[in-house]
Amino acid sequence: MLHRRDFLRTAARATAGVAVSDSWFANNLQARQAIPAKHREVFVGDKRVRVVDVHAHCIVPEVSSVVEGTTFASIVGTLPRGPNIMGPDRLRSLDEQGIDVQVLSINVFWWYAAEDRELARQIVKVQNEKLAEWCAAHSDRYVALASVTLQYPELAAEQLEQAVKQLNMRGAAIGGHVRGEELTSRRFDPFWAKAEQLGVLIFMHPQSAENVIRTDSLKGKGDLGNVIGNPLETTVFLSHMIFEGTLDRFPGLKICAPHAGGYLASYLGRSDATCQRRTSAGCANKKPPSEYFKKEIIVDSIVFSEEGLRHLVAEVGANQIVFGTDEPFNWPTNVDLILSASFLSNAEKEAILGGNLVQLLRL
Ligand SMILES: [Zn+2]
């Protein structure tokens, strides 16, 4: 789960890769408290700048008693604890990282499944009040985003208003959907209207794309099956080929991926980091994922913008890019994007326009 990975990242910083448990946290807390961290000060040039982190998670353990005896007790029981519960360790981590203010939010959004409106209200009430309590006690370092019962949009609007006006919260954290239901459905308008009226930040946090991995999720306006679905399928295909070790078992393969390799080539850092930091990923690949874009994986040039092409070249190199048009479909592809690219040498232009394919296809 994404939430757990995020938690492990924080934990990994503190422990240099040692698996973290509640007992680890308890045993080490005292020792760590004894040595206060130096607050790293961040400068841009000679100007001290304020660093604010919008994306940080925690849980409120008090929610356990609210859900006791309900179907949610087991879910709450599996949520990562340790540094996921606010305490001195988290403050120390802020200091070490040079973060002045951190914005806290509770994700996973498991309470969206609560069909008992009163139970849903109680869960959110406890989460918001406890989080607000922590922030009030450390008001120079933390602010928080509210939880809301998005499955009940009118109630969610009320909770948002109350959180902002009475609990000093700065907005809300929401999932990308409510149990598969898109948040563009008109029934969510009361929540959107309240957020707009209050002028507060709404931080959306995904949760393993559960809503995307289902029939019809790419229906609707925007030709999403093509626009998002095609690069998404390519991204998933290439990721499996890498992470499952298939490209290592067949090192002579030359895989050519269309649409510039889908989304993968634009966001390779996340794929590399998962193998470096997260044992839970179980990476079977022998090289960092980005390395496969230096040899086994070739991508076409269909990115439409000079900046897109510049980034693609920076990530994979001109030798791994081949020219493509998607003809006869109506995309603005032509040789001019390559010819006019100021960041490409003439040799690189020639390679992308045809030289690479001459070799690959033995023309
Ligand atoms: Zn996150």
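To start, this report covers the structure provided alongside it. Bear in mind that the values here come from a model prediction, so they are computed numbers and not experimental data. (Residues numbered from 1 in each chain as written. Predicted model: local features only at pLDDT ≥ 70, side-chain atom pairs only at ≥ 80, totals over all residues. Heavy atoms only, no water.)

**Some remarks on the sheet that holds strand β3 (residues 52–57)**
Two orientations exist for strands paired in a sheet by backbone hydrogen bonds: parallel and antiparallel.
No. 1: The three strands lie next to each other as β3-β4-β5, forming an open sheet whose pairing is parallel. Among the strands making up the open sheet, the edge pair consists of β3 and β5 (142–144). Ignoring which end each strand starts from, the neighbouring axes of this sheet average 30° apart.
No. 2: Lying over the sheet, helix α6 (residues 117–137) contacts β4 (101–105) and β5, oriented at roughly 155° with respect to β5. (Pairing = 2+ DSSP bridges. Helix = DSSP H or I, 4+ residues; strand = E, 2+ residues; numbered from the N terminus. Axes fitted to C-alpha atoms, helices over the stretch in contact; angles between N-to-C directions. Contact = heavy atoms within 4.5 Å.)

**Here's the deal with the packing of helix α7 (residues 153–166) against helix α8 (residues 189–198)**
No. 1: Packing of α7 against α8 leaves a shortest axis separation of 7 Å and a crossing angle of 20°. Here α8 runs roughly parallel to α7, going by the angle between their axes. Two packed elements cross with a definite hand, and for α7 against α8 that hand is right-handed. Every residue of α8 that contacts α7 at Pro153, Glu154, Ala156, Ala157, Leu160, Glu161, Val164 and Lys165 is listed here: Pro190, Phe191, Lys194, Ala195 and Leu198.
No. 2: Taken together, the residues of the contact of α7 with α8 sort by class into nine nonpolar, no polar and four charged. (Parallel < 35°, antiparallel > 145°, perpendicular 65-115°, else oblique. Left-handed = near helix turned anticlockwise from the far one by under 90°. Nonpolar A, V, L, I, M, F, W, Y, C, P; charged D, E, K, R; others polar.)

**Digging into the packing of α6 against α7**
No. 1: The interhelical angle for the contact between α6 and α7, taken along N-to-C directions, is 20°, at an axis separation of 12 Å. In this view, α6 runs roughly parallel relative to α7, as classed from their interaxial angle. Every pair of crossing elements has a handedness; the one defined by α6 and α7 is right-handed. Across from Arg117, Arg121, Val124 and Asn128 in α6, the residues of α7 making contact are Leu155, Glu158, Gln159 and Ala163.
No. 2: Classifying every residue of the contact of α6 with α7 by side-chain character gives three nonpolar, two polar and three charged.

Just distances and angles here, no functional claims.
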